[in-house]
Amino acid sequence: MENKKLLELKGISKYFSRGEIEEIKALDNVYLDVYPEDYITVIGSNGAGKTTLLNIIAGVFPPEPGGKIIINGKDITRLSEYRRAYYVGRVYQDPRVGTAAKMTIEENMAMALLRGQKRSLGFASNSHRRELFRNALEPLGLNLENRLNALVGTLSGGQRQALALVMATLSKPSLLLLDEHVATLDPNTAQIVLDLTEMVVKNDKITTIMITHNMEMAIRHGSRLIMMHKGGILVDLNREQKANLTVSDLIEAFKRASGDEFDDDSVLLRSD
Amino acid sequence: MDVLSSILSFSIYEGLVFGFAATGVYITFRVLGFPDLSVDGSFTLGAAVSAVLIIAGINPFVATLAAIAAGISAGLVTSLLNTKLRIPALLAGILVMVGLWSVNLRIMSGANISLLREATIFTKASEYLGIGTGTHFSILVAGILALIVFFALNWFLRTEIGLALRATGDNEQMVRGFGVNTDMTLILGVSLANGLVALSGSVVAQGQGFADIGMGIGMIVMGLASVIIGETLFQPKGVARLLIAVIAGAFVYRLVIVVALRLGMAPGDLKLVTAVLVIMALAVPFIRKKMRSEWIPPATRW
């Protein structure tokens, strides 16, 4: 058992507005095995089902009956979102979603520290924990470790997203879900947050699924690449297969697998 | 000089006892972002429960604890309606407030109960301590209660559970993502807040010597007025200072009211004045944004 699976998705489908004219098949019978320390980049056009996939894994809503989600050999299909937090850390596209604006950096970190654990009537923060927070924030190089009492709402979008990343990984989740987490940042800040992501994922050996809209980014990062289309997984490339991959290879692979023309200009144009 | 000091001491007393209700309103509206209107009902509920128990010969301190428990139950109903039946918070609060009107009439078997010559926490405390009653003594009793509430809340809101409760009002999605059942934190917070409001109603009834079915009307607006005054005057940062600011806000509000009454304002006009005060306080940030041509989000209807 050297290749024990960390996450298994079995026959996952998800429909929205079921039975109505505008019924949407967001996920269509998806099977996916994720192994420990996989760093998967997920690419696909709008409506391919990328975010729905993350929402299903995080437990925001359940899959259609018959689908199964298994983490570390445990069936979590019916586990509610807050109970899954024990396994899953997540960074959202919008920095405002992953952090609490009206609370201080210290209070945000204290919330994150206890992810998935029982909360007690002991003080949320103490000198020992503050030290831990400072140590976790220091590698960011944003001087946040010296601003523990600053309200998070006063930070810039990039700083907030960097903080959200540290918070999501603070108590070492089994699985880290990144949902286009640099898409709203300016190119410079996006690069900083991406480098941080690389650092955190490598140092802590966290299994990661990262959604991106950017093919170049999907190729450059991660150890495995998945392309989604119309609610299914179209292309699944391992480390060797993606080593010398180019954007045009990827488009070629898409055409071959789907029989469709590649029609999403936004993906092509955003290969900066 | 005498008039001035009596106005001041009376306002301090009222600020303290209504401060409990203001603190409850602060927890729901500001900390949880849960506009809970059941407060009007749970204030009277606290008064009714303790009055009936005191008449029945129960120790007033026990009766006060029972009032808190009753308030907690009322908050429990409101928050369950919202979290489990998904009834919007405003409507859930209104439903409980309306329902409590009948419940309170039943508890008191009538529209009011007199506590004249009955034992209250004030007469009992004066027995225990051997000090005579009076406004200053009432301030002492209310002050001790306020200190207990202040230290309890200042501790609780900084615990791991308290922090989760505060974060729920700030960013519910994030809090769920970190493994907290936000239904539970909402239920906990709204119940706690209504317990405080009922405590306020209980102490007010014992202080004034009667409980009345209409005594809770406008309590939300009064609480909001206190919260807004406290926030505006003191611009507090941190849990402890916020709590103090809310109680100080209640004091300033009562002071304004007492002075206005002394100057000859009819007591019946009180509620309108309070409502106008809150409207003005809410309008100021709006007008300020309008003048700076800032974007203003549409008003929420729920």
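Asks: Tell me about the overall build of chain B, and please be specific about residues and values.
Replies: Of the regular secondary structure elements, chain B holds 12 helices and two strands. From first element to last, N terminus to C terminus, chain B shows the α and β order α-α-α-α-β-α-α-α-α-α-β-α-α-α. Here the C-alpha radius of gyration of chain B, 19 Å, is about what a compact globule of 302 residues would show, namely 19 Å. Seen through its principal axes, chain B has C-alpha atoms that stretch 55 × 45 × 35 Å. Within the span of chain B, comprising 302 residues, buried residues form 51% of the whole. Partitioning the contacts of chain B with sequence separation of at least 6, the portion at a separation of at least 24 is 77%. Taking the average place of the 19 positive charges on the side chains of chain B and the average place of its 14 negative ones, the gap between the two points comes to 6 Å.

Asks: Explain the overall build of chain A to me, and be specific about the residues and the numbers.
Replies: Within chain A one finds 11 helices and 10 strands. Taking 2.2 N^0.38 as the reference for a compact globule, 272 residues should give roughly 19 Å; the C-alpha atoms of chain A span a radius of gyration of 19 Å, in line with that estimate. Across its three principal axes, chain A shows a C-alpha extent of roughly 60 × 45 × 40 Å. Within the span of chain A, comprising 272 residues, buried residues form 55% of the whole.

Asks: Lay out the interface of chain B and chain A with the relevant residues and their values.
Replies: At the interface, 21 residues of chain B touch 31 residues of chain A. In total, about 2,400 Å² of surface goes out of reach between chain B and chain A, with carbon and sulfur atoms giving 62% of it. When residues of chain B are sorted by the area they lose upon contact with chain A, E160(B), D170(B) and F178(B) head the list and together hold 31% of the total. The tally of links between chain B and chain A comes to 16 residue pairs in polar contact (both at pLDDT 80 or more).

Asks: How would you explain the sheet that holds strand β10 (residues 232-237) of chain A if you had to name every residue and give the values?
Replies: Residue and element names in this part refer to chain A. The six strands lie next to each other as β6-β7-β8-β3-β9-β10, forming an open sheet whose pairing is mixed. On the outer flanks of this sheet lie β6 (88-91) and β10, each paired with one strand and no other. In this sheet, adjacent strand axes meet at a mean angle of 20° when their direction is disregarded. Pairing of strand β3 (residues 39-43) with strand β8 (residues 207-211) involves four bridges; the strand directions are parallel. Across the sheet, residue T41 finds its bridge partner in β8, namely M210. The strands that helix α1 (residues 50-58) touches are β3, β6, β7 (175-179), β8 and β9 (224-229); relative to β7, the one it contacts most, it runs at about 150°. Against the sheet, helix α7 (residues 187-204) contacts β3, β7 and β8, and its axis sits at roughly 145° relative to β3.

Asks: Talk me through the sheet that holds strand β4 (residues 68-71) of chain A; I want residue IDs and the actual numbers.
Replies: Picture the strands of a sheet paired through backbone hydrogen bonds; they go either parallel or antiparallel. All names here are of chain A. The strand order across the open sheet formed by four strands is β2-β1-β4-β5, and the pairing between neighbours is antiparallel. Whereas interior strands pair on both sides, the edge strands pair on one side only; in this sheet they are β2 (24-34) and β5 (74-75). With four bridges joining them, strand β1 (residues 7-16) and β4 adopt antiparallel strand pairing. Each residue of the ladder has a partner; that of E8, found in β4, is I70. This element, α1, spans β1, β2 and β4 of the sheet and lies at about 115° to β1.

Asks: Go over the side chain of S200(B), please, and point to the residues and values.
Replies: Residue and element names in this part refer to chain B. Inspection of the secondary structure puts S200 in helix α9 (residues 182-208). The exposure class of S200 is buried, given its relative accessible area of 0%. For S200, the contacting residues outside a window of four places in its chain are V17, F18, F20, A21 and F43.

Asks: Help me get a handle on the pairing of β6(A), residues and values and all.
Replies: Residue and element names in this part refer to chain A. Because side chains alternate across β6, one face comprises the buried residues V88 and R90, and the other comprises G89 and V91, equally buried. One ladder, built from four bridges, connects β6 with β7; its direction is parallel. Paired with V88 across the two strands is L175, which belongs to β7.

Asks: Just give me the short version of the pattern of salt bridges, but keep the residues and values in it.
Replies: By the definition in use, this model includes 22 salt bridges over all chains. Across the pair E160(B) and R129(A) runs a salt bridge whose closest N-O atoms are separated by 3.0 Å. Here E160(B) is found in helix α7 (residues 160-170), whereas its partner R129(A) is found in helix α5 (residues 127-137) on a different chain. Of the two residues, E160(B) and R129(A), neither departs from the other in class, the shared state being buried. The partner of D236(A) in a salt bridge is R224(A), with the nearest N and O atoms 2.9 Å apart. One end of the pair, D236(A), is in strand β10; the other, R224(A), is in strand β9, and 12 residues separate them in sequence. Given a relative accessible area of 10%, R224(A) falls into the buried group. Among the charged side chains, a network of salt bridges with common partners joins K5(A), E8(A), K10(A) and D33(A).

Asks: Outline the environment of R220(A), supporting the account with residue identities and numerical values.
Replies: All names here are of chain A. Looking at the element boundaries, R220 is found in helix α8 (residues 215-220). R220 sits in the partly exposed class, given a relative accessible area of 49%. The spatial distance from the C-alpha of R220 to the C-alpha of T41 is 9.4 Å, given a sequence separation of 179 residues.

Asks: Tell me about the confidence of the model for chain B, and name the residues and values.
Replies: Residues and elements named next belong to chain B. Averaged over chain B, the pLDDT score is 93; the fraction of residues at 70 or greater is 99%. For chain B, per-element mean pLDDT is lowest for helix α12 (residues 270-291), which scores 84, and highest for helix α3 (residues 60-83), which scores 98. This prediction of the complex comes with two scores: 0.88 for pTM and 0.87 for ipTM.

Asks: An account of unusual backbone geometry is needed here, citing residue identities and associated values.
Replies: Residue and element names in this part refer to chain A. You will see that N72, though not glycine, has its phi angle at about 50°, which is positive. Structurally, N72 is set in the loop between β4 and β5. You can call N72 partly exposed: its relative accessible area is 39%. Unusually for a residue other than glycine, N143 sits at a positive phi of about 65°. Along the chain, N143 falls in the loop between α5 and α6 (157-169).

Asks: Quick one: what's the story with the side chain of K50(A), residue by residue and with numbers?
Replies: Residues and elements named next belong to chain A. Locating K50 in the fold gives a position in helix α1. E180 is the oppositely charged side chain nearest to the buried, salt-bridge-free K50, at an N-O distance of 4.6 Å. Within the structure, the side chain of K50 is placed 2.8 Å from the backbone oxygen of G44, a separation counted as a polar contact.

Asks: Outline the packing of aromatic side chains, supporting the account with residue identities and numerical values.
Replies: Per the counting criterion, the structure on display carries seven aromatic pairs over all chains. With centroids separated by 5.5 Å and ring planes inclined at 80°, the aromatic side chains of F16(A) and F61(A) adopt a geometry described as edge-to-face. Of this pair, F16(A) sits in strand β1 while F61(A) sits in the loop between α1 and β4, and the two are 45 residues apart along the sequence. By relative accessible area, which is 18% here, F61(A) ends up buried. Each ring, one from F18(B) and one from F43(B), has its centre 6.0 Å from the other, and the planes form 15°; the classification is stacked. Taken together, the residues F18(B) in helix α1 (residues 2-32) and F43(B) in helix α2 (residues 39-55) connect sequence positions 25 residues apart. Here F18(B) matches F43(B) in class, with each residue buried. Looking at R18(A), its charged tip hangs above the ring of Y15(A), at a distance of 4.0 Å from the centre. The residue whose ring lies beneath R254(B) is F18(B), and the NZ or CZ to ring-centre distance is 4.0 Å.

The rules we used
- Residues numbered from 1 in each chain as written.
- Chains lettered and ligands numbered in written order.
- Predicted model: local features only at pLDDT ≥ 70, side-chain atom pairs only at ≥ 80, totals over all residues.
- Heavy atoms only, no water.
- Helix = DSSP H or I, 4+ residues; strand = E, 2+ residues; numbered from the N terminus.
- Rg over C-alpha atoms; globule rule 2.2 N^0.38 Å.
- Buried < 20%, exposed > 50% of the residue type's maximum accessible area, 1.4 Å probe, protein only.
- Contact = heavy atoms within 4.5 Å.
- Lys, Arg positive; Asp, Glu negative; His and termini not counted.
- Charge placed at Lys NZ, Arg CZ, Asp CG, Glu CD.
- Buried area = accessible area lost by both parts, 1.4 Å probe.
- Polar contact = N/O pair within 3.5 Å; in protein donor to acceptor, adjacent residues only side chain to side chain.
- Pairing = 2+ DSSP bridges.
- Axes fitted to C-alpha atoms, helices over the stretch in contact; angles between N-to-C directions.
- Salt bridge = Lys/Arg side-chain N within 4 Å of Asp/Glu carboxyl O.
- pLDDT = per-residue confidence, 0-100.
- Phe/Tyr/Trp six-rings, centres within 6.5 Å; stacked < 30°, edge-to-face > 60°.
- Lys NZ or Arg CZ within 6 Å of the ring centre and 35° of its normal.

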